[in-house]
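Observations on the three-dimensional arrangement
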Amino acid sequence: MTSRLLGHAGLGRVSLGRALLSLSLCGAAGGGLVAGLVMPFVGGAGLAAKRAASAFTELPAPLREEPLPEMTRLLDRDGRQIAQFYYQNRQSVPLSAVAPVMRQAIVAIEDSRFYEHGGLDLKGTLRALVTNTQAGGIRQGGSSISQQLVKNIMLTQAETEQERAQALVRTFRRKLDELRYALALERKYTKDQILERYLNIAYFGAGAFGVQAAARRFFGVDAADLTLTQAATLAGAVRTPYDTDPSLGDDHRGRLRARRDLVLSRMAELGLIGRDRARDAAAAPLALHLRPEPGGCAGSAYPFFCVYVEREVLTNPAFGYTRADRERRLQRGGLTIWTTIDPAAQRAADRALAARVSPRDNQVASETMIEPGTGRIRAMAVSKRYGRNPHDRALGRNTTYNLAADVAHGGGLGLQAGSTFKVFTLATALKQGMRFGDGFTIPGSYVPSYGYRDCSGRAVNDPHTVIHNAGGEGGGGPYSLEMGTWQSVNIFYMRLEREVGLCDVVATARSLGIRRADGTPLREVPTFTLGANEMDPTTVAAAYAALAARGRYCRPMAIAAVVEHDGTRTEVPPACVTALEPAVADAVSHVLTGVFTKGTMRGQSIGRPAAGKTGTNNAYTSAWFAGYTPSLAAAVSVGDIRGSYRYPLTGVTIGGRYYGSVQGASLPGPIWVDSMRAALRGIPAHGFTPPDMSRFGGGFTPGLKEALEKQRKKQEKEKKKREAEHRRRDDAASQAGGPASGGAGTPGGRTTPAPGNGSHPLAAGRLPFSAGSGRVPLAAGGGRAAAVSPMRFPAAGHDFSQTFARMFSPDVARTFARVFGHNPAVASTAHMPVRGSARRTPRRTGSVGAPAATGRTSGSTGGGVGGSTGARRDGSARGKTSDARLHAASPRRSLRSGH
C-alpha cells in the first residue's frame, strides 16, 4: 500500500524507510533542521526507520469530518439577504465556483507538487526547508495541502480554547499523526476534492474563512471572479493570515503585498504565468475593497425583525433539543432561512414612524404588521435605531430592545393596551347572542363592586374604585352596542363585561392569542376590558388579524422555510386554529368599521374598507391603535421608554410636534393610516363579509331613540344660533366696509370661532384678516409667510381683480382670482382662505377645553370621544383619559351623550 501511494507521488518504489533516511542525511545541509524533524522517526538505526515505515503502512481511518461551520443567512420573502449569523464567516463553494487562477496560485505557493505526490512530499518538504533556511523566512510551504487540511480540520473541530491550543501544538507525535492522516485523506479523496476542502476551510485573515468569504471580504467579488492579482493576494495571505490581515493597518497591508508578489514570482517560476505578466501584476496596487461582513442583527436592514427571528430559532425546539444545540445550529449550520418580511410593508412602517416620532425622543412608537389567515409577520418597526447608545447609556436614539415584540422575542415589558381590549368583550357579547342595536343605560360613574369573577371562580370585585367616562360622557345615558364601541365608552364596557362574564371575555382574548408581554399570566381584573394588561404590538396585531381572517387565529410567524446546507428544504406551515365563529368575527368587523366613519377615527381613512379600535390609557400612560383590512392587520403603540407610568404622554413634543395629550387617534392612528395605505398600495381592495343580519340585526336599547331625538333637536338649535351669529357678524362687516371685527374684546380684533363652530375659518385651520390693521400674511413662494405693506380692503362687492393685479405678484393675483372670480361680490372678506402664517408656532394636538369630570379611574379608561377628562385650555391633561380626539374643528359632528 505504501509503495503504491509513493509511486503515485512520483517517488518510484523507494521505500519509506530509505526516504526518511535520505531526508535525515540531507538534514545536515539544512543546518540540522531536517534532522531534528525526522530524528524521532529515524532513531539512528534501520530498526527505527522500519518502525517509522510500519507506522505509515498501518494508516488510520480518515479523520472524522464534522460539517464546517457555515454562515446562516436570513432572506426576505423575495429572497434578498437581510442578515447573517456565523461562528466563522464562511460560505463553502464547489471547486468549479473558484477561479482557475486562484487554484493555480494556492497550489503554487503552498504545494507546487500537489498533483504529483501522495500526501507526503519528501522532496518538496526538503526543498522548502532548505530554501526557507537560506532565506531566513518562510518562502515556500513545507507541509502539503493534505497535511494543512488535516491541521485545519483538527482546529475547526475544537470548540474550546484549550482544544484549539492543543490543535496548534507542534509536537513530534502530533506531526506524525498529521502525516498519517494526510495519507489517509489521499486514499479517501481525489486531489480536486482535497483542494476544494482546503480552499473552503482555510483562514485568510480579516475574519474570512474559506475562499468565497475571503473574496467577498477583501475585494467584494465572488471566488469565481477573482483576477490574477486578487488570487495571488489571497493565496499569499493563507500562510500568515494574522500578520497580513489588511484590516489591521498599513504595516499588515505592506506584508500582504510582499506575500502577493512572492506568489506571483513563484507562479512565474513554475511557468503558470509569464514573467512580464507577473511583473505587471506586482506593480499594481493591492486594490483592496474591504467589505464589512457583520454578523448578527446589528448589520441587518431590519434589525428588530432580525432579533425576532433569532429569538425564534433559539427558543424553538424544532431547531434543537437544548439552547446550546440551537445556538450552534444558528451560528454553524449554514442554514438559509426564508423569512416572512415584506420589504414594501417594512418600508411603509419605517417611514410612517419616522415621519412622526424621532429616534431622539424619549417617547417610542412601535408597529407590527401581520397577514390575516397565515400569521406571517410582514413588518416590524420601532422608531428608535437598533444598537447601544454612546458610552452605553440607557437613553438615547438607540435601543437593543425589540419593543414591537414580547420579552421572549427580545422585547420589553409592554404597554397597557387600553381600549383595544374592548373588542374581546364585544366579540364575547355577540357570541352570546347580543344583537346590533342592543344596549342599556349607564350612569355617569360606576363602581365594580359585584359580579366579577376570574376563571378560577374567585371574586375580583373592586368596591373602592370609581370608573368614570372620559370627557363629555358626563352623566351617562342610553348606549347601544355600536355607539358604546364607536365612542369607546368605559362604563358601558365595564357593565357589558359584567353581563357576559369576565372569565368569558378572558377566554375569548386567550383564544385570539392574547398573552402578556412579560410572559406572566393575564391579570383577570374588572378593568380587563379597559386594557389593564401590558401588551406588545405583535401580539395585538395577531389578535386583530384573526378578526380579519373571520375568526381564524394564526400564531405570529417570522420563518417561512428553512434550507439546510445540503439543500434540503423544509416549509414552515402556519399554526392556525378557529378561535371565533366566522359569523361572529364578521359581526365584530361590521361594528369596528364604524370607528372610522362614526367613531374615534372619523375623518381618517386608508381609502379602502378597514376596521379598528383606538386605545388610550389612564393618565395617558400609553396610546394605541389596532386595525385591519381583509389583507393586512397592524397594531401601533406609543409610550415613554423611561417608564410609561412615571412619564405620561401629556404636554410632550414628539417628532417636533407638541401634544397636550397623546391619544389613540392623535398619534398611533395616523401612523397606522399612513403605514397601511403605503403597505397596501398595489394590492386589490376587498370588503369585509357582510354580517348575518338575521342573527345579529334587530336589537333594541330602551330610551335610545328618545335620547337621540332630543340630542338632534339640541344640535339643530345650536346650529341655528351659530348661523345667526355669523349673519350678524357679516352684516356688521358689510356696514363697516371691511372684514368682520370678531367682536369686542377679541385680542387684536381677530375673529374667534363660536364654541364648536367648525365652519369658522379658525376651526378649519385658516387665518382671518385683521380688521384693525388690514395686514394680511400671504403665503408666497411655497407656503412661507411673506410680509406685505399694511392695506385695507374695499367694501363688499368691490371688483378685486384690478386691485390684486396692482398690489401682488402675478402668481398671487391669479390665485386670488381663482378663489373669488374676476368680479366677486364678496359678502365678507373674513372667510378668505389665506394660507401660511407670519410666525411659525409648534403644532398642538390633543384635547382642548373638554368638560371636566371628577373622580378616579382604575386601569385604562380607554375613553369616549369627549377628549381628556378635565383637560386645560392649553391642551395638557389634569384628569383622566380618552382614546379619541376632541373634534374641535368639526362641530357638526353628532354630539351624543358620552361624546
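Quantities reported herein were computed from a predicted structural model and do not represent experimental measurements. (Residues numbered from 1 in each chain as written. Predicted model: local features only at pLDDT ≥ 70, side-chain atom pairs only at ≥ 80, totals over all residues. Heavy atoms only, no water.)

Turning our attention to the overall build of the protein chain. Across its full length, the protein chain carries 28 helices and 27 strands. Taken over 899 residues, the protein chain has a buried fraction of 53%. Within the protein chain, contacts between residues at least 6 apart in sequence are counted, and of these 70% link residues at least 24 apart. Accessible surface, the protein chain: about 38,600 Å² in total, of which carbon and sulfur atoms supply 52%. (Helix = DSSP H or I, 4+ residues; strand = E, 2+ residues; numbered from the N terminus. Buried < 20%, exposed > 50% of the residue type's maximum accessible area, 1.4 Å probe, protein only. Contact = heavy atoms within 4.5 Å. Areas by Shrake-Rupley, 256 points an atom, 1.4 Å probe, with all protein chains shown as cover.)

What follows is about the packing of helix 18 (residues 422-431) against helix 21 (residues 502-511). Where helix 18 contacts helix 21, the two axes come as close as 9 Å, and the packing angle between them is 110°. One element, helix 18, and the other, helix 21, form an angle in the roughly perpendicular class. Across from Phe424, Thr425, Ala427, Thr428 and Lys431 in helix 18, the residues of helix 21 making contact are Asp504, Val505, Thr508 and Ala509. When its residues are assigned to classes, the contact of helix 18 with helix 21 shows 4 nonpolar, 3 polar and 2 charged. (Axes fitted to C-alpha atoms, helices over the stretch in contact; angles between N-to-C directions. Parallel < 35°, antiparallel > 145°, perpendicular 65-115°, else oblique. Nonpolar A, V, L, I, M, F, W, Y, C, P; charged D, E, K, R; others polar.)

Let's shift gears to the state of the cysteines. If you walk through the whole model with that rule in mind, you get 3 disulfides. There is a disulfide in this structure between cysteine 554 and cysteine 576, and the S-S distance comes to 2.1 Å. Handedness of the cysteine 554-cysteine 576 disulfide follows from its S-S torsion of about 105°: it is right-handed. Of this pair, cysteine 554 sits in strand 16 (residues 552-554) while cysteine 576 sits in strand 19 (residues 576-578), placing them 22 residues apart in sequence. The connectivity of the disulfide-linked cysteines in the protein chain, indexed sequentially, is 1-2, 3-4, 5-6. (Disulfide = S-S within 2.5 Å.)

Counting across every chain of the model gives 31 salt bridges. Put simply, arginine 80 and aspartate 78 hold a salt bridge, and the shortest N to O gap is 3.2 Å. Residue glutamate 499 is joined to arginine 498 by a salt bridge in which the shortest nitrogen-to-oxygen separation is 3.4 Å. Arginine 498 gets classed as buried once you look at its relative accessible area, which sits at 15%. (Salt bridge = Lys/Arg side-chain N within 4 Å of Asp/Glu carboxyl O.)

Topologically, glutamine 88 is positioned in the loop between strand 2 (81-85) and helix 5 (100-110). In the structure, glutamine 88 is positioned 19 residues away from proline 69 in sequence and 6.1 Å away in space, judged by C-alpha atoms. Ignoring anything within four residues of it in the chain, the contact list for glutamine 88 reads Pro69, Met71, Thr156 and Phe209. Side-chain polar atoms of glutamine 88 contact the side chain of arginine 90, separated by 2.6 Å. (Polar contact = N/O pair within 3.5 Å; in protein donor to acceptor, adjacent residues only side chain to side chain.)

The strand order across the open sheet formed by 5 strands is 2-1-5-17-18, and the pairing between neighbours is mixed. Every other strand in the sheet has two partners, leaving strand 2 and strand 18 (569-571) as the edge strands with one partner each. Shown here is a sheet whose adjacent strand axes are inclined to one another by a mean of 20°, direction ignored. Helix 15 (residues 303-315) contacts strand 1 (72-75), strand 2, strand 5 (336-339) and strand 17 (559-563) of the sheet and is inclined by roughly 45° relative to strand 2. (Pairing = 2+ DSSP bridges.)

So, about the confidence of the model for the protein chain. Per-residue confidence for the protein chain gives a mean pLDDT of 77, with 70% of residues at or over 70. Low pLDDT, under 50, characterises residues 815-899; the predicted model gives this stretch 293 contacts beyond four residues in sequence or across chains. (pLDDT = per-residue confidence, 0-100.)

We now examine the sheet that holds strand 21 (residues 622-628). In a beta sheet, neighbouring strands are held together by backbone hydrogen bonds and run either parallel or antiparallel to one another. Strand order in the open sheet formed by 5 strands is 7-6-22-21-20, with antiparallel pairing between adjacent strands. Across the chains shown, the open sheet's two edge strands, defined by having one partner strand only, are strand 7 (377-382) and strand 20 (611-616). Direction aside, the axes of adjacent strands within the sheet are offset by 5° on average.

All right, on to the side chain of glutamate 524 then. Note that glutamate 524 resides in the loop between helix 21 and strand 15 (534-535). Glutamate 524 sits in the buried class, given a relative accessible area of 15%. Here the side chain of glutamate 524 touches cysteine 455 through a polar contact of 2.7 Å, landing on its backbone nitrogen. Engagement of the side chain of glutamate 524 in a polar contact is seen with the side chain of arginine 510, the distance being 2.9 Å. For glutamate 524, the residues in contact, after removing those within four places along its chain, are Asp454, Cys455, Val460, Leu502, Val506 and Arg510.

This brings us to the side chain of threonine 336. As for its placement among the helices and strands, threonine 336 is situated in strand 5. The buried category is assigned to threonine 336, whose relative accessible area is 15%. Setting aside chain neighbours within four positions, we find threonine 336 in contact with Arg73, Leu75, Ala561, Val562 and Val563.

A few words now on unusual backbone geometry. At alanine 206, a residue that is not glycine, the phi angle is positive and equals roughly 60°. Within the element layout of this structure, alanine 206 appears in the loop between strand 3 (203-205) and strand 4 (208-209). You can call alanine 206 buried: its relative accessible area is 9%. Here arginine 550, not a glycine, exhibits a phi torsion of approximately 60°, which is positive. Along the polypeptide, arginine 550 turns up in the loop between helix 22 (537-548) and strand 16.

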